[in-house]
Amino acid sequence: MNIKALGVAASLAVLSISAVQAGPVLDAVKARGHVVCGVNTAAPGFSNADSKGEWKGLDVDICRAVAAAVLGDSTKTKFVPLSSPQRFTALQSGEVDLLVRNTTWTLTRDASMGAVFAAVSYYDGQGFMVPKKLGVKSAKQLNGATVCLQSGTSSVQTLADYFAANKMKYKPVMFDTTEATQSAFLSGRCQVYTTDMSDLAGARTRARNPGDFVILPETISKEPLGPSVRRGDDEWFQIVRWSFYTMVEAEENGVTKANVDQMRSTSKSPQVMRLVGTGDDTGKLLGLDKDWSYRIIKQVGNYGESWTANFGPDTPLNLPRGLNNLWTNGGLMYAMPIR
Ligand SMILES: N[C@@H](CCC(=O)N[C@@H](CS)C(=O)NCC(=O)O)C(=O)O
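Fair warning: this is a prediction, and the values are worked out from it, not measured in the lab. (Residues numbered from 1 in each chain as written. Predicted model: local features only at pLDDT ≥ 70, side-chain atom pairs only at ≥ 80, totals over all residues.)

*Asks:* Now, about the overall build of the chain: what can you tell me, with residues and values included?
*Replies:* Counting its regular elements, the chain contains 13 helices and 14 strands. Here the C-alpha atoms of the chain give a radius of gyration of 22 Å, agreeing with the 20 Å that 2.2 N^0.38 yields for 339 residues. Dimensions of the chain along its principal axes, counting C-alpha atoms only, are 80 × 45 × 40 Å. Going through the 339 residues of the chain one by one, you find that 44% of them count as buried. (Helix = DSSP H or I, 4+ residues; strand = E, 2+ residues; numbered from the N terminus. Rg over C-alpha atoms; globule rule 2.2 N^0.38 Å. Buried ≥ 20, exposed ≤ 12 C-beta atoms within 10 Å, placed from the backbone.)

Shown next as C-alpha cells:
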C-alpha cells in the first residue's frame, strides 16, 4: 500500500470509530426525562413493588442500569406492570421503551413480535410444582392432572409438547395474570402449577405454608430470559445490550458498587479502566458520555450483586445461582468484551 492509500485507510478507520447519532428512542427518552420499562406485575426476584410502590428485582435493576447510562440517574425510570399477553403489544405500540418482564427469548418472539432480544439476563427452565399431599415425586406421574398456567406465556406450548412426548394427558386451566394463576393453584383449583422454575419458587413464597408445596425435579425446557426492545432502533438496542453486559463485565472484573470509586482512582487495568470511566471512551460509540458504565456500577451494582440481592440466600427465594453463575465459576453468564 502506498502512502496515499495508507492515509485513506487511516481516515476510514477514524471514521468507523467516531461517535454515533442517537436513535429515536434515546432522543425520546432524553426529552421525556425517564426510561419506561414494561415489567411483571409481581414476580419476586424479577420485579415486585413494595407497599410504598418501590420496585425491586433483577429486571428492575436492568431498567435502572439503562437509566443510569443514558440519563445519569438510575431513579429516572417508570415501571409499567404488564400481563404476559399484553407485553409485546405494549412494546410494539411504544408504550414502553424496554421490555424486562422475565421473558423467554424464542425464535418466534425474536422474529415476529416486533421485538428484538438484547441479551440473556437469567437462564431458567420450566418446571412443575404440586401440593406435597399429592404424593407425586416426578413429572412422569402427572398423567390426567389439572394444570394451572398463564396464557400468553411460553409455558403453554412447552407443557403441550412435554405431555405429548410422554404420551400423557392433562387439563389446562388458564389465567391472564400471574396473581390469578398463582391464587388458583394455591387455593387448590388445580393439582399442578407450571411455569419457569424461578416463578415456581416465587409463587411458593406466597403460600401461607410454603412447605406444603414441592417443586418436582424435572426441568422440561430452556427458558433464557432477557430484555428486549422494539425493532428498528439499533442505537437503542446497543445501549440496552451493553448496559446489561456492563453489569456482567463488572462482576467478571471484581468491580462492585462499593469499590467502584476506589477502582476509579487506582486501577491500572485497561479493562477495569474502560468500565470505570478512566480508560478508552466507549460511551461515544453508543451516543453516551464517558462515565456511562461507571454510573451503572456505582448506582446499580454488578450482575452478581443484583442476582444475590434478588434471588440469593438472604431472600425468600433462596435459589442456587446455577447456570447464572459466571462462566469462570461453572455457569453460562458471559459478557461480550467491553473494548
Ligand atoms: N418466561 C415465560 C413465562 C413468563 C411469565 O409471565 N410467567 C408468569 C407465570 S404465572 C410469571 O411471571 N409469574 C411470576 C411469578 O410467578 O412470580 C415467558 O416468557 O412466557
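*Asks:* Could you give an account of the site of the ligand, with specific residues and numbers?
*Replies:* Close to the ligand lie 21 residues; Ala43, Thr153, Thr195, Asp199 and Gly202 are nearest. At the level of secondary structure, the elements contributing two or more residues to the shell around the ligand comprise helix 7 (178-186), strand 11 (192-196), helix 8 (197-206) and strand 13 (223-225). Looking at side-chain class alone, the shell around the ligand contains 4 nonpolar, 14 polar and 3 charged residues. When we break the shell around the ligand down by domain, the ones giving at least three residues each are domain 1 (20-123 + 225-329) and domain 2 (126-221). (Near = placed C-beta within 6 Å. Nonpolar A, V, L, I, M, F, W, Y, C, P; charged D, E, K, R; others polar. Domains from an automatic or database assignment.)

*Asks:* Describe helix 8, naming the residues involved and giving the relevant values.
*Replies:* The buried count for helix 8 comes to 7 of 10 residues, which makes it a mostly enclosed element. Within helix 8, the full set of buried residues consists of Ser198, Asp199, Leu200, Ala201, Gly202, Ala203 and Arg204. Turning to helix 8, the residues buried within the fold contact strand 7 (122-124), strand 8 (126-131), helix 7, strand 11 and strand 12 (213-215). (Contact = placed C-beta atoms within 7 Å.)

*Asks:* Go over the sheet that holds strand 9 (residues 145-150), please, and point to the residues and values.
*Replies:* Taken in spatial order, the 5 strands line up as 10-9-11-8-12 in an open sheet, and their pairing is mixed. Among the strands making up the open sheet, the edge pair consists of strand 10 (170-175) and strand 12. Between one strand axis and the next, the sheet turns through 30° on average, direction left out of account. In terms of strand pairing, strand 8 meets strand 11 through 4 bridges, oriented antiparallel. Bridge pairing in strand 11 places Met129 opposite Tyr193. Packing against the sheet, helix 6 (residues 155-165) makes contact with strand 8, strand 9, strand 10 and strand 11, and its axis sits at approximately 155° to strand 9. (Pairing = 2+ DSSP bridges. Axes fitted to C-alpha atoms, helices over the stretch in contact; angles between N-to-C directions.)

*Asks:* Which residues make up the pairing of strand 11, and what values go with them?
*Replies:* The buried fraction of strand 11 amounts to 5 of the 5 residues, a majority that puts the element mostly inside the structure. Where strand 9 meets strand 11, 2 bridges bridge the pair, whose relative direction is parallel. Residue pairing in the sheet places Cys148 in a bridge with Tyr193 of strand 11.

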